[in-house]
Amino acid sequence: MTRSASSLPETLPADLRAGLVTFLVALPLCLGIALASGAPPLAGIIGGVVGGLIVGLLSGSSLSVSGPAAGLTTIVAANILKLGTFETFLVAVMLAGALQVAFGFARAGAIANYFPSAVIKGMLAAIGLTLILKQIPHAVGYDADAEGDFAFFQPDGATTFSEIGRAFHAFTLGASLITLASLIILLLWARPAVARTWVGRNVPGALVAVLVGVGLNAVFSGQFPDLALNTRQLVQLPVLLGGPATGGAGALLRLPAFGTGLGQPQVWLAALTIAIVASLETLLNVEATDKLDPLHRRTPANRELKAQGVGNLISGLLGGIPVTSVIVRSSVNLTAGARTKHAAIVHGILLLGCVVLIPGLLNRIPLAALAGILLFTGYKLTKPALYGELWRLGLNQFLPFITTIVAVLLTDLLIGIGIGVVVGLFFILRANFRTTFFFRRDPTPGITDAITINLADHVSFLNKASIITILDQLPDDSVVQIDGRQSSYIDYDVVETIENFRETARLRNIHLTFLPGPGASATGRYAAAPALDVARSLASNPVTELLDAPTPPPVPADADLTRYHELFANNRHWVAEKLRLSPTYFTDMARGQSPQFLFIGCSDSRVTLDTMTGTNPGEIFVHRNIANLVIPTDLNALSVIQYAITALKVQHVVVVGHYGCGGIRAAMARQDLGLINKWLIPIRDVMRLHREELQRLPNESDRFRRLVELNIQEQVYNLCKTSFVQQAWAGKEHQHVHGWVYDIREGLLRDLEIDVRDLLHRDDDLFRLTAGIAGDGH
């Protein structure tokens, strides 16, 4: 087995620490969102408890934390006013929960798959910026707005920026000192020298920051009264037990008014609105949280909708406001070191117990100390390096990313995401227009223009314009092959466009061959795919024969490679010139190699690494085996990897798997394949390690695809634990390990975004392997 599964006793200490930190942050947010929504303060606490306990128990997410959401504040406030009473509104909350459960059973969670990655990253960065901007007033002691008020344009006419201006005019030195102390503590705890100590591993920095904040305010009250914080600058919880002014918890609870609520059409409309918005926010937030998860676990979207629906049913029944998955609390949970969903449950237990039993102690916590925690979390979500990363990926990724950030900051989460998706859709359509085909001129002696146009995997009616454009630009007197044999779908409009071009081609003396293959919408009247590529056939057959024949005549397969090589060998310099290669290209290659990449790929013949990465000979170093395994018993693989890292000094090692991997499929089928079985054992170990996650997936196809990704993840971890990788790369930030997956059907590579260098230093327990791999010495 490559890595032992995390059991409850192993992960509970980390989850307890993370749950405690998340509780400290969630407490004022629950109260603040309730106040901003025009609901009783206790309704926010009830929503937080339900989000932690009920949703936490039912959810399939490992890191997401649910509770009252700032994104619903405006909807909740408007519907409380519209429906007249809070008790009537609670009926709408329960009905919304029932609708969410129905959405889950209807598999509406699939919509989560249609949000572009750049937009989700933009959402995370925008939330980080919002946290920073909204916490600046609390950090300097200006607490006019409740925690959880994330709106840019506020009901009082102020904006986020004008509130920051007001805050500095009402600057409080005591609160600022507490915020500064909190930030210093959190930064110290993030340093490896502190993180590796017993205190750093077992005591959350956020808890220390809160305790120091409470202590500083106590010192201010006793010794420096001018610096002491007032009641408004502290957490303000309602007293549930023994509160003379309140009459206890019973007087604060509000229950749904079923008698008057169920018969009102406006209640049902409010329920539908809450259900749709809460479901969308949940799907967006769990998608974003999954991207932050260092283990890249996937949340079952439909199960999450059901869990949220049950949570809202119970929250409404007990007098709480609606709940969703919340990215702020989830980010804090992750930053605090959460490992499983038990952290969210712990946060719910603490909310319930502490609010009921020790509200007086909690009411001593300065909001400035919590502001420090949220400022630190906001920075983690919107690090400057993230902007550089998206910029390097190109405008098609950067513009949707930056547009989403600006839109979320100026509007709200859903509107901002919608605007980002529209911008992303523009680039998708533009890329679709540009990548309809791959155009090349084949270097064939005796023919001035021998052109091959390879159609993409999916050619829809949206690509019709680009096809017409390229056909119009074909040179006269050329020989053209349009190859659609590898296309899984070619729309009838495109096929018709090509066929209609035949008459124009005759008039312009263009000799056209169209090979539609099985993916064409219409069949029967088009020529079947020939045995060989037109360019190769042109090189070995008289041109006149080809022009008269409907398809190029077949050439024996065993002779084709030798004939093509003879053509290449006899015309090397001509080929180099046509391909725009350096005149000394072959001589330079003979001098040696200095690759920057090591690819550990699958032996599958369809995974052509140089083609799909656009690299030239000498630029990548490749090692292949069944299912791209990196295991301690394979000395051949380890020696190749060590040679690449220590001798060739490669800076990037990429483990490349692919969907449709025969080794993965054989391991799942538990076939007896003789000697190959030894290669399948590690894959079956990965299956056992992630059995629960795989079993939650709805069908065998999804399990197959996910196992391919999990196997890549495990091999990356194995690679990073080898001694020569750790020794060779110690302290070198410019060298990285990556996990990629190749979709053969789509012809696309996807980075699984596995970056384990920080994790290896921060929490070695995540990467416990079988005996011997950490110190293999190879």
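Residues numbered from 1 in each chain as written. Predicted model: local features only at pLDDT ≥ 70, side-chain atom pairs only at ≥ 80, totals over all residues. Heavy atoms only, no water.

J.: Is there a simple way to explain the overall build of the chain in this structure?
T.: Along the backbone of the chain there are 36 helices and 13 strands. Taking all 778 residues of the chain together, the buried fraction comes to 52%. Taking contacts inside the chain between residues at least 6 apart in sequence as the whole, the part at least 24 apart equals 76%. Accessible area for the chain stands at about 34700 Å²; split by element, carbon and sulfur atoms hold 61% of it. (Helix = DSSP H or I, 4+ residues; strand = E, 2+ residues; numbered from the N terminus. Buried < 20%, exposed > 50% of the residue type's maximum accessible area, 1.4 Å probe, protein only. Contact = heavy atoms within 4.5 Å. Areas by Shrake-Rupley, 256 points an atom, 1.4 Å probe, with all protein chains shown as cover.)

J.: It is not clear to me how the packing of helix 7 (residues 173-190) against helix 18 (residues 367-381) should be interpreted in this structure. Could you clarify?
T.: Packed helices, taken two at a time, are described by the angle their axes make and the gap between the axes. Taken N-terminus to C-terminus, the directions of helix 7 and helix 18 make an angle of 40°; their axes are 8 Å apart at the nearest point. Taken together, the axis directions place helix 7 and helix 18 in an arrangement best described as oblique. Crossing angle aside, the handedness with which helix 7 passes helix 18 is right-handed. Contact residues: helix 7 offers A175, I178, T179, S182, L183, L186, L187 and A190, while helix 18 offers A368, A369, G372, I373, L375 and F376. Its residues assigned to classes, the contact of helix 7 with helix 18 comprises eleven nonpolar, three polar and no charged. (Axes fitted to C-alpha atoms, helices over the stretch in contact; angles between N-to-C directions. Parallel < 35°, antiparallel > 145°, perpendicular 65-115°, else oblique. Left-handed = near helix turned anticlockwise from the far one by under 90°. Nonpolar A, V, L, I, M, F, W, Y, C, P; charged D, E, K, R; others polar.)

J.: Looking at this structure, how should I read the packing of helix 15 (residues 327-335) against helix 18?
T.: Contact pair helix 15 / helix 18: the axes reach a minimum separation of 10 Å and the direction vectors enclose 90°. Judged by the angle between their axes, helix 15 and helix 18 are roughly perpendicular. Counted together, V328, S331, V332 and T335 of helix 15 and L374, F376, T377, K380 and L381 of helix 18 form the full contact between these two elements. The residue inventory of the contact of helix 15 with helix 18, partitioned by class, reads five nonpolar, three polar and one charged.

J.: Even after reading the chapter, I still don't get the confidence of the model for the chain, so can you show me in this structure?
T.: Low pLDDT marks regions whose predicted coordinates should not be analysed in detail. For the chain, mean pLDDT is 79; residues scoring 70 or higher make up 79% of the total. pLDDT under 50 marks residues 1-7. Its contacts with residues more than four places away, or in other chains, come to 27 contacts. Contacts of residues 761-778 to residues separated by more than four positions or lying in other chains number 44 contacts, the stretch itself having pLDDT below 50. (pLDDT = per-residue confidence, 0-100.)

J.: Mind showing me how you'd approach the nonpolar core here?
T.: If you look at the biggest cluster of nonpolar residues, it comprises 47 residues, and the most contacted ones within it are L27, I45, V235, L237, V328 and L370. Ignoring any residue separated from it by four or fewer positions in sequence, one finds V328 in contact with L29, I127, L131, F150 and L374. (Core = buried A, V, L, I, M, F, W, Y, C linked by side-chain atoms within 4.5 Å.)

J.: Would you mind going over the pattern of salt bridges with me for this structure?
T.: Any two side chains of opposite charge can pair if their charged atoms end up close together. Under the criterion given, the structure shown has 13 salt bridges. Between R508 and D476 there is a salt bridge, and its shortest N-O distance comes to 2.8 Å. With R508 in the loop between helix 23 (492-507) and strand 8 (511-515) and D476 in the loop between helix 22 (464-472) and strand 6 (479-483), the pair connects residues that are 32 residues apart, well separated along the chain. Given the relative accessible area of 43%, D476 is considered partly exposed. Linking R705 and D743 is a salt bridge whose minimum nitrogen-to-oxygen distance equals 3.9 Å. Highlighted residues: R705 in helix 34 (residues 700-721) and D743 in strand 12 (residues 736-743), separated in sequence by 38 residues. One network of salt bridges, in which partners are shared, links E693, R706, E709 and R750. (Salt bridge = Lys/Arg side-chain N within 4 Å of Asp/Glu carboxyl O.)

J.: I tried to follow unusual backbone geometry on my own but got confused; where do I start?
T.: Peptide bonds are, in most cases, trans, and in most cases residues other than glycine have a negative phi. The phi dihedral of D477 is positive, around 65°, even though this residue is not glycine. Residue placement: D477 occurs in the loop between helix 22 and strand 6. Of note in this structure, N509 is not a glycine but carries a positive phi near 55°. Along the chain, N509 falls in the loop between helix 23 and strand 8.

J.: What should I look at first to understand the environment of W740 in this one?
T.: Relative to the assigned elements, W740 resides in strand 12. Spatially, the C-alpha atoms of W740 and D751 are 4.5 Å apart, while their sequence positions differ by eleven residues. If we ignore the near neighbours within four places in the chain, the residues touching W740 are F599, T613, V654, V655, V656, G657, I712, L749, R750 and D751.

J.: Please explain the sheet that holds strand 13 (residues 748-751) as it appears in this structure.
T.: Each strand in a sheet pairs with another by means of backbone hydrogen bonds, the pair being arranged parallel or else antiparallel. If you trace the five strands from one edge of the open sheet to the other, you get 10-9-11-12-13, paired in mixed fashion. One side of each edge strand has no neighbouring strand; the edge strands of this open sheet are strand 10 (620-625) and strand 13. Across the sheet, the mean angle separating the axes of adjacent strands is 25° when strand polarity is ignored. Relative to strand 10, strand 9 (residues 597-602) runs parallel, the two sharing six bridges. Bridge pairing links F597 to I620 in strand 10. On the sheet, helix 30 (residues 635-647) packs against strand 9, strand 10 and strand 11 (652-658) and is oriented at approximately 170° with respect to strand 10. (Pairing = 2+ DSSP bridges.)

J.: Sorry, what's going on with the side chain of S182 here?
T.: Looking at the element boundaries, S182 is found in helix 7. Relative accessible area serves as the criterion here: at 1%, S182 is assigned to the buried category. For S182, the residues in contact, after removing those within four places along its chain, are A209, A369 and G372.

J.: Would you mind going over the pairing of strand 9 with me for this structure?
T.: Residues in a regular strand project their side chains so that they alternate between the two faces of the sheet. Counting buried positions along strand 9 gives five out of six residues, so the element sits mostly inside the fold. Inspection of the sheet shows strand 9 paired to strand 11 by five bridges, in the parallel sense. Counterpart to F599 in the pairing with strand 11 is V654.

J.: Where do I start with helix 30 in this structure?
T.: It helps to recall that an α-helix has 3.6 residues per turn; residues three or four apart then point in one direction. A rise of 1.5 Å per residue sets the reference length of helix 30, with its 13 residues, at 18 Å; its end C-alpha atoms lie 17 Å apart and thus fit the reference within 8%. Immediately beyond the C-terminal end of helix 30, within one or two residues, lies K649, with a positive phi of roughly 60°. (Expected span 1.5 Å × (residues − 1).)

J.: What should I look at first to understand a nonpolar patch on the surface in this one?
T.: Among the surface-exposed residues, F258, L262, W268, L317 and L318 lie close enough to one another that they form a single nonpolar patch of about 460 Å² accessible area. Relative to the helices and strands, L262 resides in the loop between helix 12 (258-261) and helix 13 (265-292). (Patch = residues over 30% accessible without salt bridge, like charges linked within 9 Å, V, L, I, M, F, W, Y side chains within 5 Å.)

J.: Can you help me understand the packing of aromatic side chains in this one?
T.: How two aromatic rings sit relative to each other is set out by the distance from centre to centre and by the angle between their planes. This model, assessed by the stated rule, comprises nine aromatic pairs. Here F152 and F153 contribute two aromatic rings whose centre-to-centre distance is 4.8 Å and whose plane-to-plane angle is 80°, an arrangement assigned as edge-to-face. Judged by relative accessible area, F152 falls into the buried class, the value being 8%. By relative accessible area, F153 is classed as exposed at 54%. The residue whose ring lies beneath K306 is F105, and the NZ or CZ to ring-centre distance is 4.1 Å. (Phe/Tyr/Trp six-rings, centres within 6.5 Å; stacked < 30°, edge-to-face > 60°. Lys NZ or Arg CZ within 6 Å of the ring centre and 35° of its normal.)

J.: What exactly am I supposed to notice about the environment of L95 here?
T.: Topologically, L95 is positioned in helix 4 (residues 86-105). With 214 residues separating them along the chain, L95 and G309 place their C-alpha atoms 9.1 Å apart. Among residues more than four places away in sequence, those in contact with L95 are L262, V267, W268 and A271.

J.: Got a minute to help me understand helix 2 (residues 41-58) in this structure?
T.: In a regular helix each residue adds 1.5 Å, so 18 residues correspond to 26 Å; helix 2 covers 26 Å between its end C-alpha atoms and thus fits that length. Of all the bends in helix 2, the greatest, near 30°, is centred on G51. (Bend = angle between axes of the 7 residues up to and from the residue.)

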